[in-house]
Amino acid sequence: MFKGNFIDNLPKIYGTYTGGFFIFIILMAIAEQAGMTAKTIGILFVAFTVCIYAIIGYLSRTVQVDAYYVAGRQVPTVFNGMATAADWMSGASFVAMAGGIYFGGYTYMAFLVGWTGGYVLVSSLLAPYLRKFGCYTVPDFIGTRYGGNFARFCAVVVLTLASFTYVTAQINATGTIASRALSIPFELGVWVGLVSILLCSMLGGMRAVTWTQVAQYIVLIVAYLIPVFWISNKAGFGFFPHFMLGEEVARLGALESQFGLVKNAAADIKAAGVPGGLKSIAVSHAGVPEGGMAAWKFISLALCMMVGTASLPHILMRYFTTPSVKAARKSVAWSLFFIALLYTSAPMLATLSKISLIDPNLPTGIIGKPIAEIMQIEWVNAWINVKQAFIADFNGDGILQLNEWFMRGDVVVLATPEVAGLPYVISGLVAAGGMAAAMSTADGLILAIANALSHDIYYKIIDPKADVRKRLLVARALLIVIGAAGAYIASMRITSILGAVAWAFDFAMSGLFFPLILGVWWKRATRQGAIAGMIAGLASGTAYLIYVYPKFMGNAPWLGIDHLRFGIIGASVCLVVMVVVSLMTEEPDKATQQMVDEVRVPSGKTILGKQH
Amino acid sequence: MSNKEKHWEKTKGLMIITLIIWFVFGYLIFMFGSDLNTSSFMGYPLAYYMCAQGSIIAFVVLIFWFANRQEKIDEEFGFTEKEDD
C-alpha cells in the first residue's frame, strides 16, 4: 500500500525537495549577507545535502532481494532517467569537464560526443533486451545466456576491473571536495566521503541508491546551471548562454591569434617550478586541427567512449529497475536528456571562464596586465596559495602573457563564480554539486561490484542454498569491503582523475561489449566463444595498455591508438576470437535458442523469475 | 515466416537505420571537421557547435524517435506488454 503511494507521489515528493533546496540556498545567501563566513557556508552546504541523502538511504532500507538488487522493478521512466544521469555524471564530468574543454578545446570535446552517443547503442542494442531477460546483474545475463559458472566468473572479472578503476577516481573526488569544503586533510576527506557513500547504499541497495541518485541529480544540475546562467547574465554575454555565445567564441579565436598560442618547453616549466598538473592555454578553443590523423584521433576517442558506455555495468543495471521493457527504452532517452542539460552547458562555462580571464577589455581579464597588479587580486592569491594556479614570468617583462598563466582544470568550475564576482553562496553550492556528482557515481559503481560478487559469485557459484537474510548480509559486507579498498587506494593518490576514468571504458568494452550484444543479436554465439572472447579481449587490451602507457613500457602508439584508446584493440580481438571460436564449436542447444527468441520480444514473462 | 521472425526483421531494420543516423552524427561529420568549421551556425563555428550541442541534441531526439518506432513495431505484431506484467 505504502509502496504504491510512494511511487504515485514521487513528483510531489521531489518537487517539495527541490523547493526546499532552493529555500536552503536563499537562507545561505541571507546568512552570507548577515556576515556568516565562507567556510561555514561551505560546511553547511555539504553537510546539509549529505544528511538528506543519508535520510533517504535510511528510509529506503529493505530486506527483499528484488528491492535490494533492482529496486523492486518499479522505478518510473523519468525518475530512472534522472537517477541514471546522476549515476553517469561523475566527479570528473562535474568538476573536470569544463576545465578539459578550457584547455583542450575542440579536441577534448570528442569526450562530449563519446559520452553521449553511447546511449544510442544502449537503447537500440542492449537495455530493452536485458530488461526482458530479468537479470539482477550484468554477469547474471552472461551466465544464463551462455550457461556455466566459468562464463559468469569471467564477466565478473571484467566488471570488477572496469568498475574498480572508475570508483577509485570517484572516491578520490569526494575526498578532494570534502577536504576542501570541511577544511580537513585529504586522507581524512576520503574516508568521510566513503562513509557518506555507504550511508546511501548499505541499507537499501539499489532501491536506496535509486532514490538518493534522483536527489543528487537535482542538486548537481541546479549547482551547475545557476552559475552558468548567472555569470552569462551578470557579465552581459547574453541571457541564454547556450544560444548567445557565438560572438564570444569568435572573440576567443581573435584573442588567440593576437596573443599567440605558445606551447611552453617542458624544461622551462620545470625551471620555473610550476606545480604538477597545472597547465597553460596552448590549444585553440574552437579551431579544428588539420589532417586525417587529428580527425582519426577525435573519432577513435569518441568510439571508445561510446562503446565503453554501452558496456559499463553500473549504467546497464539502472535499466533493470524499470517496470517494463517499453519503459526501459524510454528511460534511456530521458537519461540522455538529463545528461545533455549538463553536457551542453560545460562548453558554455568553459567559454565564459576563458573569455573572462583572457579578454583584456573586460574588468575580470588578467592576461596582458602587470603581474604585480594581478597578484593583488584576492582569488588569484587564494588559488596560488593552494598550488592550483601559478604565474611564471618567462620573458621577464612583468606583464602576464597567455602562456605564463597556469592553473588546474578543476579551477574552471570551482573558481569561475568567484572570478565573475558572484557571492560565495554559489561556490558553496558548486561544492555541494560536485559532492553529489562524485557520490552518486561512486554509489552506483560500488553497488555494481558488490552485487556481482554477492549474487554471481557467492549465491550462484559458492552457496546456491543461502537464504535471503544471508545473501543480503553478504551483499552489505562486500559493499563495505569494496568501498574501503577503493578509499584506501584513493588515499594513496596514485591515479589522476581522467586517465583512470577513460581506462574504465576501455576495459569494459574490451571484455564485455561483444559478449553482451552478440548474446542478444547472434543466436549462434556459444559459451566457448564468449569465454574465449572475454579472456582474449581483456588480455590483449591490457597487454596493449602496458605496451603504450608512458609510465609502463611507453612504446609509440600504433595508428594513434594510445592508452586512452586501448579498448579498440581489446574489443576487436574479442570480436574476432568470439566469432571464430563460436563457429568452431557446436551451436547452442534448442533451449538456449528459444531463450534468445523470447528475449527479443517485449511481451511475456522475463527469462529469470522475479525472485531468483 | 512466423510472426516472431517478421517482428525481428523489422526490429533489425530499425536498429540499422538508428545506427546509421548515429554514425552520421557521431563520426561522419567529424571526419570533415575543418571543412565544417568554415561555416557557422548561430554564430558558432559549425564543427565546434556540433560537438558542443548539435550532435548531443541529435542523439537525444534519435533515442526518443527510436523508442516510439519500436513501440509501434511491437504493437503491429501484438508483442506489447500487458500492464500487469
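Residues numbered from 1 in each chain as written. Chains lettered and ligands numbered in written order. Predicted model: local features only at pLDDT ≥ 70, side-chain atom pairs only at ≥ 80, totals over all residues.

Draft legend 1. Representation of the overall build of chain A. Across its full length, chain A holds 28 helices and two strands. On C-alpha atoms alone, chain A measures out to a radius of gyration of 24 Å, which is about the 25 Å that the 2.2 N^0.38 rule sets for 612 residues. Principal axes of the C-alpha set define a box for chain A whose edges measure 80 × 55 × 40 Å. Contacts in chain A between residues far apart in sequence, at least 24 positions, make up 83% of those at least 6 positions apart. (Helix = DSSP H or I, 4+ residues; strand = E, 2+ residues; numbered from the N terminus. Rg over C-alpha atoms; globule rule 2.2 N^0.38 Å. Contact = placed C-beta atoms within 7 Å.)

Draft legend 2. Local environment of the overall build of chain B. Broken down by element type, chain B carries three helices and two strands. Split into buried and exposed, the 85 residues of chain B put 38% on the buried side. Residue pairs at least 24 apart in sequence account for 57% of intrachain contacts in chain B once pairs closer than 6 positions are excluded. (Buried ≥ 20, exposed ≤ 12 C-beta atoms within 10 Å, placed from the backbone.)

Draft legend 3. Inspection of the packing of helix α1 (residues 3-31) of chain B against helix α3 (residues 46-76) of chain B at higher detail. Residue and element names in this part refer to chain B. Between α1 and α3, the least distance of the axes is 10 Å, while the angle of their chain directions is 175°. The orientation of α1 relative to α3 falls into the category roughly antiparallel. Contacts from H7, K10, T11, L14, T18, I21, W22, F25, G26 and I29 of α1 reach α3 at M50, S55, A58, F59, L62, F66, R69, Q70 and I73. In terms of residue class, the contact of α1 with α3 is built from 11 nonpolar, six polar and two charged. (Axes fitted to C-alpha atoms, helices over the stretch in contact; angles between N-to-C directions. Parallel < 35°, antiparallel > 145°, perpendicular 65-115°, else oblique. Nonpolar A, V, L, I, M, F, W, Y, C, P; charged D, E, K, R; others polar.)

Draft legend 4. Region of the structure containing the interface of chain A and chain B. Listed as interface residues are 43 residues of chain A and, on the opposing side, 40 residues of chain B. It is helix α17 (residues 325-343) of chain A that contributes the most residues to the side of chain A that touches chain B, 10 residues altogether. Taken together, the residues that form the side of chain A that touches chain B break down as 27 nonpolar, nine polar and seven charged.

Draft legend 5. Expanded view of the environment of A267 of chain A. Here A267 of chain A shows up in helix α14 (residues 266-272). As for A267 of chain A and F240 of chain A, which are separated by 27 residues in sequence, their C-alpha atoms are 43 Å apart.

Draft legend 6. Structural context of the domain arrangement of chain A. Residues and elements named next belong to chain A. Here the domain parsing of chain A yields domain 1 (2-256 + 258-264 + 278-356 + 422-599) and domain 2 (269-277 + 357-416). Domain 1 and domain 2 are separated by 32 Å when their C-alpha centres are compared. In this complex, domain 1 contributes 28 residues to the contact, which on the side of domain 2 involves 25 residues. Top element by residues in the side of domain 1 that touches domain 2 is helix α6 (residues 91-108). It accounts for eight residues. Of the residues contributing to the side of domain 1 that touches domain 2, the split by class is 19 nonpolar, six polar and three charged. (Domains from an automatic or database assignment.)

Draft legend 7. Quick peek at the packing of helix α5 (residues 77-88) of chain A against α17 of chain A. Residues and elements named next belong to chain A. The geometry of α5 relative to α17 is characterised by a closest axis approach of 7 Å and an angle of 50° between their N-to-C directions. What the angle tells us is that α5 and α17 run oblique. In terms of crossing hand, the pair formed by α5 and α17 is right-handed. Across from T77, V78, N80, G81, M82, T84, A85 and W88 in α5, the residues of α17 making contact are A327, K330, S331, W334, S335, F337, F338 and I339. (Left-handed = near helix turned anticlockwise from the far one by under 90°.)

Draft legend 8. The arrangement of the nonpolar core in detail. Within the largest apolar cluster, 238 residues are counted, with the highest numbers of intra-cluster contacts made by L220 of chain A together with I63 of chain B. With 20 residues, helix α22 (residues 424-462) of chain A is the single largest residue contributor to this core. Taken together, domain 1 (2-256 + 258-264 + 278-356 + 422-599) and domain 2 (269-277 + 357-416) of chain A each give at least three residues to this core, which thus spans both. (Core = buried A, V, L, I, M, F, W, Y, C linked by C-beta atoms within 7 Å.)

Draft legend 9. Spatial organisation of helix α18 (residues 346-358) of chain A. With 13 residues, α18 of chain A extends 18 Å between its outermost C-alpha atoms, agreeing within 8% with the 18 Å of an ideal straight helix rising 1.5 Å per residue. Judged by how many residues are buried, α18 of chain A sits mostly within the fold: 13 of 13 residues are covered. (Expected span 1.5 Å × (residues − 1).)

Draft legend 10. Inspection of the environment of G537 of chain A at higher detail. All names here are of chain A. Inspection of the secondary structure assignment puts G537 in helix α26 (residues 527-548). What makes G537 buried here is the crowd of 30 C-beta atoms within 10 Å. In this structure the C-alpha to C-alpha distance between G537 and I568, which are 31 residues apart in sequence, comes to 9.7 Å. With residues near it in sequence (within four places) discarded, G537 still touches S510, G511, G570, A571, V573 and C574.

Draft legend 11. The confidence of the model for chain B, seen in detail. All names here are of chain B. Residues at a pLDDT of 70 or more form 96% of chain B, whose mean pLDDT is 91. Of all secondary-structure elements in chain B, the lowest mean pLDDT belongs to helix α2 (residues 33-36), at 84, while α3 reaches the highest, 95. Confidence estimates for the predicted assembly give a pTM of 0.93 and an ipTM of 0.95. (pLDDT = per-residue confidence, 0-100.)

Draft legend 12. Up close: the environment of M293 of chain A. Residue and element names in this part refer to chain A. The topology assignment puts M293 in helix α15 (residues 292-309). Exposure remark for M293: the 11 C-beta atoms within 10 Å place this residue in the exposed category. Taking the C-alpha atoms as reference, M293 lies 30 Å from A169; in sequence the two are 124 residues apart.

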